Amino acid sequence: MMMHVFYHTSGIAAGFAELAERTRQSVVHLHGASRGSGTGVIWQPGGVVLTNDHVVAGAGDVLRAQTIDGRDLPVTVMARNQDLDLAVLRVPAVDLPPVAVGDSTRLRVGELVFAIGHPWGQPWVVTAGIVSGLGEAETRNGQRIAFIRSDVRLAPGNSGGPLLDARGKVIGINAMVFGGDLSVAIASHIVEQWLNSAQGRRVRLGVGVQPLPLPAEVLNGRTYGLLVVSIEPGSPQQNGQG
Amino acid sequence: MTSPSGADLISALSNQMADAVERIRRSLVTVNGRQRQPASGIIVATDEVLTADHVLERDDDLTIQTDDGRTLAARLVGRDRTSDLALLRIDGLGSDTAAQADAPARVGQFVLAVGRPSPGGPMASLGVVSAVGGPLRTRRGTIEQVIQTDATPYPGFSGGALIDVTGAVLGLFTTGLIGGVALAIPASLAWRIAHTLAHQGHIRRGFLGISSQPVTIPPGQRAGRNQEYGLLIVRVEPDSPAHHAGLLIGDILVGIDGVTLNDTDDLQAILSGDRVGATVPAEIIRGGALVTLSVTIGQRKGA
């Protein structure tokens, strides 16, 4: 019995199970009218979802997102980039927890990584491995994009899902599977660069917000406002220098 | 005292594996010796690289590329087809030599396969030691011991290193012994063969010139020997040591040089390099009687 308790409260296996359980909350299942599906990851508060462009292209006009707690949500496509194979979506659910974004420029070959996705449509599957290699490719318009190769086992349906490091931070978006044993992810710093340009160079406040109708006494010509519901540790807001 | 949390342990393991790759990367080179995919090699001495024999499809015009980006000409010192190993000499190499692991590989141990299939940096895959065993008979011959792993063998990984999580080499990685199967030649054996290749240019192995298959000897035909199994000779090569000794098809070989032969692995073990040229007694059962012939062990060609 003591061994049982020990197993569940400490050690690498239990630690990894906790990591997987926590990060699965930030993953959605994207599906269209026809068969086939993809994965999306909550990248920012307010229902901002990252995925692959080819997942959006394959879904037709009726893309929807399933959350792990069973909600089936409509999807608005905010921006797409075919060269980077990235798309940013928005779902009308502000309570979905965004994943922490890691620094993919500091990744090393040999680091533990894991993926969450829906291979062959199986929901929220976790697979683990290591960073096998770090590479660069050039898009048609000459842009250099960094990618991560890994030996994490992926299959169709994992596309658009997160590749996460040993601390549960997203370091890439899984994009391609070669021959079943070499998976390629677009590095998260490339995703951030594109996202900044696609969203019109927005600045980061580091707060989680939730829209709500304003009380009559503070209407001031508006009907809705954003309630600050969380402040990221170390963010400009918490430091009071925003 | 509080024990480290699971999250801390995972981060520590992750860092340790990345450190292991950092440690081995300077001792790994890209080997250019065939038309298609370049392969990998391990620096075993300040001017020597050990690689896989099957990745060298030519004897000349060989080059290697180092971790610090140098391209250097390499000369073939020797090949050992049986163990799928080849040794290269490179003037001015002067890089870090790889460290062998202190202990042999253990089944279940975490390992990394690390190669340098292109000059763009090392590549790695994670797995465990699946089996440690031998001798293993392949089309190339019989090798004393091999390590099997489930780490993914990426194209060009042959000649690379199977390392433990400290970055020490457990074996030289190759898929050439059995097509496509990820195996490693244990480091102690690989280094020993490298040493012999450096001094002799080849590995000597004994040669008899027979084909045989293990058979059960009926109790009534054991000719006084307490031996249940023997090797039935099914072919004798013309002009071979076996032919000159007078061995015939149908003879049951039961011993050589005083060593009992129960199966073909026993025979392979007897035909070691140090017996080449030695004249030793061969015991056979012929027509229900024990006959002792004198055989001079030859040297296998192309070994």
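It should be emphasised that the depicted structure is a prediction, and the values quoted were computed from it without experimental measurement.

Student: Break down the interface of chain A and chain B for me, with residues and values.
Tutor: Often the size quoted for an interface is simply the accessible area lost on bringing the parts together. Contacts between the two partners involve 24 residues from chain A, matched on the other side by 23 residues from chain B. For the side of chain A that touches chain B, the secondary structure elements donating two or more residues are α2 (11-24) and β9 (125-138) of chain A. Looking at the side of chain A that touches chain B, the element that brings in the most residues is α2(A), giving seven residues. Its residues assigned to classes, the side of chain A that touches chain B shows 10 nonpolar, eight polar and six charged.

Student: With reference to specific residues and values, describe the confidence of the model for chain A.
Tutor: All names here are of chain A. Chain-level statistics for chain A give a pLDDT mean of 85 and a share of 82% at 70 or above. The least confident element of chain A, judged by mean pLDDT, is helix α1 (residues 2-9) at 46; the most confident is strand β11 (residues 162-165) at 98. Between residues 1-8, whose pLDDT stays under 50, and residues either more than four places distant or in other chains, the model counts two contacts.

Student: I'd like a description of the sheet that holds strand β3 (residues 48-51) of chain A, backed by residues and values.
Tutor: Residue and element names in this part refer to chain A. In space, the seven strands of this open sheet follow the order β5-β4-β1-β2-β3-β7-β6, with antiparallel pairing throughout. Strands with a single pairing partner mark the edges of an open sheet, and in this sheet they are β5 (72-74) and β6 (76-81). Shown here is a sheet whose adjacent strand axes are inclined to one another by a mean of 30°, direction ignored. Here strand β2 (residues 37-44) runs beside β3; their pairing, made up of three bridges, is antiparallel. From the neighbouring strand, Gln 44 faces β3, where its bridge partner is Val 48. Across the sheet, helix α4 (residues 188-198) is in contact with β3, β6 and β7 (86-90); its angle to β7 comes to roughly 55°.

Student: Could you give an account of helix α1 (residues 6-25) of chain B, with specific residues and numbers?
Tutor: Residue and element names in this part refer to chain B. Here α1 spans 29 Å end to end across 20 residues, near enough to the 28 Å set by a 1.5 Å rise per residue. Among the residues of α1, Ile 10, Ser 14, Met 17, Ala 18, Ala 20, Val 21 and Ile 24 are the ones counted as buried. The arc that holds the buried residues of α1, viewed along the axis, is 145°, so those residues lie on one side.

Rules used in this analysis
Residues numbered from 1 in each chain as written. Chains lettered and ligands numbered in written order. Predicted model: local features only at pLDDT ≥ 70, side-chain atom pairs only at ≥ 80, totals over all residues. Contact = placed C-beta atoms within 7 Å. Helix = DSSP H or I, 4+ residues; strand = E, 2+ residues; numbered from the N terminus. Nonpolar A, V, L, I, M, F, W, Y, C, P; charged D, E, K, R; others polar. pLDDT = per-residue confidence, 0-100. Pairing = 2+ DSSP bridges. Axes fitted to C-alpha atoms, helices over the stretch in contact; angles between N-to-C directions. Expected span 1.5 Å × (residues − 1). Buried ≥ 20, exposed ≤ 12 C-beta atoms within 10 Å, placed from the backbone. Arc of directions from axis to C-beta.

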